[in-house]
Amino acid sequence: MHVDRVEGAGEQRPLLNRTAIYPVRWYIIATFSYGGLTQAVLYNTWGPVTESSKAVFGWTDGTIAMFPNAANIAFIITVIPVSILADIKGLRLVMLMCTSILMVSTVIRCFTMNPTAMTWLSFVCAVGSGLGGTILLAGPPKVSSVWFPPHQRASATAFISVSTYVGVAVSFILGPQIVASPQCGNSTEHTTSNVTYLRYTSSMECSNTSRTFINRVKMAEDIKNLMFIYGGLGVLLFLLVLVYFPSHPPHPPSHSAATARTQWVSGLRALVRNGPFWVVLVACAVPVGILGAWLSVLAVNLSPRGISQTTAGYVGFYQTVAGCLSGLTVGRFSDVFKKRMKTILIICFTGAAVASIWFILLAEKYITFNLPSMYVSSVLIGVFINGAVPLCFEITCETSYPVAEGVSGGAFTLLTNLVGVGFFCILLIKNISYSWMNWVLFGSSVLAVILLFFFPERYCRIDIDIEPLEDAVSPF
């Protein structure tokens, strides 16, 4: 029997197997979380500056929706193979691969503002964000399992998973603050300083007009500055991983982490036959996937209702920040009350359904519209759905154990992105009203609550980690 000092416990505990926890885990979680932030900023580049990018490059709403959709498709194709590779070869190799892709994707957009070239480069960049985001989006439960003890595992998963929402929040503020909104003039199309101002008619500021954007050059310069900032984020991420990011600690942090996982072929087969896993997977992935897509085109959604891209950016920012704080709180609460995940998730998705219907009533003007109420309802949606994400990762891992966390986490993020792809495909339909977006968001939360009522919860990893400790500390 080995004896290890558990950090912060103040006493020695006899453990059945050699386990240990290391302070360097905080560097690992910080670097991995920064990667999630960078990927999210890259993914959500154009949504917060929709009107400006349409004015500068001549894009349409369909073009804006195409970029995150391309990222989702690339992610869907590669997430399971990358998750399996992480389980076989370790985190370091996969992190180097993914962060190098993200670095290249952020840098290539810095070299030109030509509309045609920028359209293609942004498409390539979007694909890169999907490829590079595979381990960063699917890996939170893998990292927390490999590096963190049971009493910190859900909190670690929460910290990592909310980092992507912090990235979305950053993009909602950074984009509109750096990139100017379109300003219309009354002159016809003309050329100044070898730059041709484009006619453009679908911007909210210039609706039903054929005016010229008098600040197109300024907007192009602002967008280029934004691309340089995002490029710097990508380069820094790769350097952090290159300098230090081991695949695992010398000794596992828990007994469940030390237990051999099911081989990936057998693991995939086990997931296919695991009915409870599919119930909780659909319940969690559908509302999370819908909200991610819904949030990335929030400016498009609110534009017909007279909300500017700057205001929409602030709505998205506050919603995302509130969701991050909620996720951290829920994750820590789950660490204290380890076997209450189902109850907490039902509360979260019920609250999301109520907040969504309030948002719909305001957006459709069934009740008197006012901006503060729009803010509050949107923030509550983020609190309840984004707050549930860490538990979605943890409960799918508990239900699928001993299948490797990378595979079950990959399955969760795969389905969320499939849902997002379906959402964006509907956006490509010409002349479609945007009201359906909000109703789908409401329906996804209702579906989650119904499925969770029928979900037979089980906690396989927690039971393994708790029982040896109980036996070890018993005086008899």
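Thresholds applied
- Residues numbered from 1 in each chain as written.
- Predicted model: local features only at pLDDT ≥ 70, side-chain atom pairs only at ≥ 80, totals over all residues.
- Heavy atoms only, no water.
- Helix = DSSP H or I, 4+ residues; strand = E, 2+ residues; numbered from the N terminus.
- Contact = heavy atoms within 4.5 Å.
- Salt bridge = Lys/Arg side-chain N within 4 Å of Asp/Glu carboxyl O.
- Buried < 20%, exposed > 50% of the residue type's maximum accessible area, 1.4 Å probe, protein only.
- Core = buried A, V, L, I, M, F, W, Y, C linked by side-chain atoms within 4.5 Å.
- Phe/Tyr/Trp six-rings, centres within 6.5 Å; stacked < 30°, edge-to-face > 60°.
- Axes fitted to C-alpha atoms, helices over the stretch in contact; angles between N-to-C directions.
- Parallel < 35°, antiparallel > 145°, perpendicular 65-115°, else oblique.
- Left-handed = near helix turned anticlockwise from the far one by under 90°.
- Disulfide = S-S within 2.5 Å.
- Polar contact = N/O pair within 3.5 Å; in protein donor to acceptor, adjacent residues only side chain to side chain.

**Student:** Is there a simple way to think about the overall build of the protein in this case?
**Tutor:** Secondary structure summary: the protein contains 19 helices and 6 strands in total. When contacts within the protein are restricted to residue pairs at least 6 apart in sequence, long-range pairs at least 24 apart make up 81% of them.

**Student:** Quick question: what am I supposed to make of the pattern of salt bridges here?
**Tutor:** Should the charged atoms of two oppositely charged side chains come close, the side chains can pair. Tallying each qualifying case throughout the model produces 3 salt bridges. Two residues, Asp87 and Lys142, come together in a salt bridge whose shortest N-O distance is 2.7 Å. Note that Asp87 is positioned in helix 3 (residues 61-89) and Lys142 in helix 7 (residues 140-147), a separation of 55 residues in sequence. Judged by its relative accessible area of 25%, Asp87 falls in the partly exposed class. Measuring nitrogen to oxygen at the nearest pair gives 2.8 Å for the salt bridge that ties Asp222 to Lys218. Separated by 4 residues within a single helix, Asp222 and Lys218 lie in helix 9 (residues 216-243), roughly one turn from each other.

**Student:** Any chance you could explain the nonpolar core here in plain terms?
**Tutor:** Soluble globular proteins tend to pack their nonpolar side chains together in the buried interior. Trp294, Leu345, Phe423 and Leu427 are the most contacted members of the largest nonpolar core, which totals 79 residues. Per-element accounting of this core gives the leading share, 13 residues, to helix 12 (residues 275-296). Counting 24 residues, the second largest nonpolar core, distinct from the first, contains Tyr34, Leu42, Ala86 and Ile160.

**Student:** Teacher, can you tell me more about the packing of aromatic side chains here?
**Tutor:** The description of an aromatic ring pair uses the distance of the two centres, along with the angle that the planes make with each other. What the rule picks out here adds up to 15 aromatic pairs. Ring centres of Trp439 and Phe442 lie 6.2 Å apart, and the angle between their planes is 85°; this geometry places the pair in the edge-to-face category. Placement of both Trp439 and Phe442 in helix 18 (residues 435-453) is noted, with a separation of 3 residues, approximately one turn of the helix. By relative accessible area, which is 23% here, Phe442 ends up partly exposed. Members of the aromatic cluster, connected to one another through ring pairs, are Trp46, Phe57, Trp59 and Phe67.

**Student:** Help me out: how do you make sense of unusual backbone geometry in this one?
**Tutor:** The bulk of non-glycine residues show a negative phi, and the bulk of peptide bonds are trans. The backbone phi angle of Lys365 is positive, close to 60°, even though this residue is not glycine. Here Lys365 shows up in the loop between helix 15 (341-363) and helix 16 (371-400). The class of Lys365 is exposed, set by a relative accessible area of 58%.

**Student:** What is the right way to look at the packing of helix 2 (residues 50-57) against helix 9 in this model?
**Tutor:** Packed helix pairs are characterised by how far apart their axes lie and by the angle those axes make with each other. Contact geometry for helix 2 and helix 9: axes closest at 9 Å, N-to-C directions at 115°. The angle between helix 2 and helix 9 places the two elements in the roughly perpendicular class. Considering how the two elements wind past one another, helix 2 and helix 9 form a crossing that is left-handed. Of the residues in helix 9, those in contact with Ser52, Ser53, Ala55, Val56 and Phe57 of helix 2 are Arg216, Met219, Ala220 and Ile223.

**Student:** Explain the state of the cysteines here, please?
**Tutor:** Covalent bonding between the sulfur atoms of two cysteines is what defines a disulfide. Overall, the coordinates contain 0 disulfides when judged by the stated rule. Cys284 carries a free sulfur, and the closest cysteine sulfur to it, the one in Cys392, is 3.1 Å from it.

**Student:** Can you walk me through the environment of Ala220 in this structure?
**Tutor:** If you trace the backbone, Ala220 turns up in helix 9. Ala220 sits 107 residues away from Met113 along the chain, and the two C-alpha atoms are 6.8 Å apart.

**Student:** I tried to follow the side chain of Ser171 on my own but got confused; where do I start?
**Tutor:** With respect to the helices, strands and loops of the structure, Ser171 is situated in helix 8 (residues 150-178). Side chain to side chain, Ser171 and Asn44 meet in a polar contact 2.8 Å long. At 2.6 Å, the side chain of Ser171 and the backbone oxygen of Val168 are in polar contact. With sequence-adjacent residues up to four places away left out, Ser171 is seen in contact with Val41, Asn44, Pro48, Pro176 and Tyr230.

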